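Architecture at a glance
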Amino acid sequence: MISNTLLLPFICFGVYLLLEAADWGVSLAAPYVSRNDEECKATLGLLKPGWDGNELWLFFGLLSLGASAPSLAGSTQGMILAVLAVLGAVLRLAGCFAKAALGKKTIARLVSSFSVFALFLMSLAGSSFLQEGGSMVSAFGILFAIWMVLEMFQMGSIYGACKVVNPLGERFRASFLVTGILSLVLFLISFGLLYVNVGDVYQYNTLTWLAMAGGSVVFFLVAFVSTRMRHVAVGLVASYISCALALLVFLTAGASAVAVHHSVELTALQQFQDSTLGMALLGGGVILSLASFAYRVLRKKEEYVWDDHV
């Protein structure tokens, strides 16, 4: 099936979102969990190592999609995804290495507001690939965008609960629990609208599609219960599995929709993948992302001097 070939660019989008989830989420949650400047600085410390090369996955996916579907090459949606991803990376890099100057509540609110705007617009752009006319504004797109913002918030919160000392870590844990059920409800509604809009062109096994959605729900419940019982490390692992399965639901639908609604040139896609640029993006993404992931797993908890300001 043509959709199998198109699945590679969409999987790259998913890898980018999964690897960047903690960074986007920490940026979103910072002003809601931090009560003073010291806690803001500790939150910015969670963004280390700064730039991790995850944007290379997004660029590889966009260029692969443009090569395989010429009608999407240079699209406005692709430009939105690339520009906002780069701006987000630059902003987080600045916060990571200039946290003494930027670790303020006011700055944290600005960063959080930008993250909401960027993720919402990026999600609308991404949802347009599933629409026959490529529209960025639809009931599905809006609900999907809201879910994406909340899902990233959740991923950042559970990561913060694991990687920063209390009481800030405890507030991250609480923010994960408070927003959890709403995130689950939005995912189920988004999946229902997706099935209505794309179900008739879906080119994979429908039972597998439903199983991925069900698996995402099950692992979310495992994450929620584990975090509720303060087993935050288990909650983090389960959250990543849940997020990966949820993204697969939308990514396989995207590959199916593009295969039906656009003319696909498989030879051009293969030529790009074999090109120097394609190999450099993919190789760089793999190396930098693996190094960053190893650092994030092995790093110690972010510590800070806490004063009770009550």
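The preceding data block contains the structure.
Values in this document were obtained by computation on a predicted structure and should not be read as measured data.

1. With respect to the overall build of the protein
Across its full length, the protein carries 12 helices and zero strands. Counting only C-alpha atoms and orienting by the principal axes, one finds that the protein spans roughly 60 × 40 × 30 Å. The buried share of the protein, taken over its 310 residues, is 55%. At a minimum sequence separation of 6, the contacts of the protein that also span at least 24 residues come to 83%. Of the roughly 13,200 Å² of accessible surface on the protein, 71% is carried by carbon and sulfur atoms. When the 17 basic and 17 acidic side-chain charges of the protein are each reduced to a single mean position, those positions are 12 Å apart.

2. Some details on a nonpolar patch on the surface
A contiguous nonpolar surface patch, about 450 Å² in accessible area, is contributed by Val 218, Phe 219, Val 222, Val 234, Val 237 and Ile 241. Taken together, the elements giving at least two residues each to the nonpolar patch come down to helix 9 (206–228) and helix 10 (232–261). For Val 237, the position within the fold is in helix 10.

3. Details of the packing of helix 3 (residues 55–68) against helix 12 (residues 276–298)
At a minimum axis separation of 8 Å, helix 3 and helix 12 run at an interaxial angle of 150°. One element, helix 3, and the other, helix 12, form an angle in the roughly antiparallel class. Considering how the two elements wind past one another, helix 3 and helix 12 form a crossing that is left-handed. Only Leu 277, Gly 278, Leu 281, Leu 282, Gly 284, Gly 285, Val 286, Leu 288 and Ser 289 of helix 12 make contact with helix 3, whose side of the interface consists of Leu 56, Trp 57, Phe 59, Phe 60 and Leu 63. For the contact of helix 3 with helix 12, the per-class residue count stands at 10 nonpolar, four polar and no charged.

4. Quick word on helix 4 (residues 76–97)
Since there are 3.6 residues in each turn of an α-helix, residues three or four apart along the chain are aligned in direction. Along its 22 residues, helix 4 runs 32 Å from first to last C-alpha, staying within 8% of the 32 Å computed at 1.5 Å per residue. The complete set of buried residues in helix 4 reads Gln 77, Gly 78, Ile 80, Leu 81, Ala 82, Leu 84, Ala 85, Gly 88, Ala 89, Arg 92, Gly 95 and Cys 96.

5. Some thoughts on the packing of aromatic side chains
Per the stated rule, a full pass over the model turns up 17 aromatic pairs. A centroid spacing of 5.6 Å and a plane angle of 80° characterise the contact between Phe 10 and Phe 13, whose relative ring orientation is edge-to-face. Of the two residues, Phe 10 and Phe 13 are both situated in helix 1 (residues 2–33); the distance of three residues between them amounts to about one turn of the helix. An identical accessibility class is assigned to Phe 10 and Phe 13; each is buried. Taken together, a centroid distance of 6.1 Å and an interplanar angle of 40° make the contact between Phe 140 and Phe 250 tilted. Of this pair, Phe 140 sits in helix 7 (residues 139–163) while Phe 250 sits in helix 10, and the two are 110 residues apart along the sequence. Judged by relative accessible area, which is 3%, Phe 140 ranks as buried. Each member of the aromatic cluster is reached from another via a ring pair, and the members are Phe 140, Phe 144, Trp 147, Phe 187 and Phe 250. The ring of Trp 24 is capped by Arg 92, whose NZ or CZ atom sits 4.4 Å from the centre of that ring.

Cut-offs used in this document
Residues numbered from 1 in each chain as written. Predicted model: local features only at pLDDT ≥ 70, side-chain atom pairs only at ≥ 80, totals over all residues. Heavy atoms only, no water. Helix = DSSP H or I, 4+ residues; strand = E, 2+ residues; numbered from the N terminus. Buried < 20%, exposed > 50% of the residue type's maximum accessible area, 1.4 Å probe, protein only. Contact = heavy atoms within 4.5 Å. Areas by Shrake-Rupley, 256 points an atom, 1.4 Å probe, with all protein chains shown as cover. Lys, Arg positive; Asp, Glu negative; His and termini not counted. Charge placed at Lys NZ, Arg CZ, Asp CG, Glu CD. Patch = residues over 30% accessible without salt bridge, like charges linked within 9 Å, V, L, I, M, F, W, Y side chains within 5 Å. Salt bridge = Lys/Arg side-chain N within 4 Å of Asp/Glu carboxyl O. Axes fitted to C-alpha atoms, helices over the stretch in contact; angles between N-to-C directions. Parallel < 35°, antiparallel > 145°, perpendicular 65-115°, else oblique. Left-handed = near helix turned anticlockwise from the far one by under 90°. Nonpolar A, V, L, I, M, F, W, Y, C, P; charged D, E, K, R; others polar. Expected span 1.5 Å × (residues − 1). Phe/Tyr/Trp six-rings, centres within 6.5 Å; stacked < 30°, edge-to-face > 60°. Lys NZ or Arg CZ within 6 Å of the ring centre and 35° of its normal.

Read these as layout, nothing more, since geometry by itself doesn't imply function.
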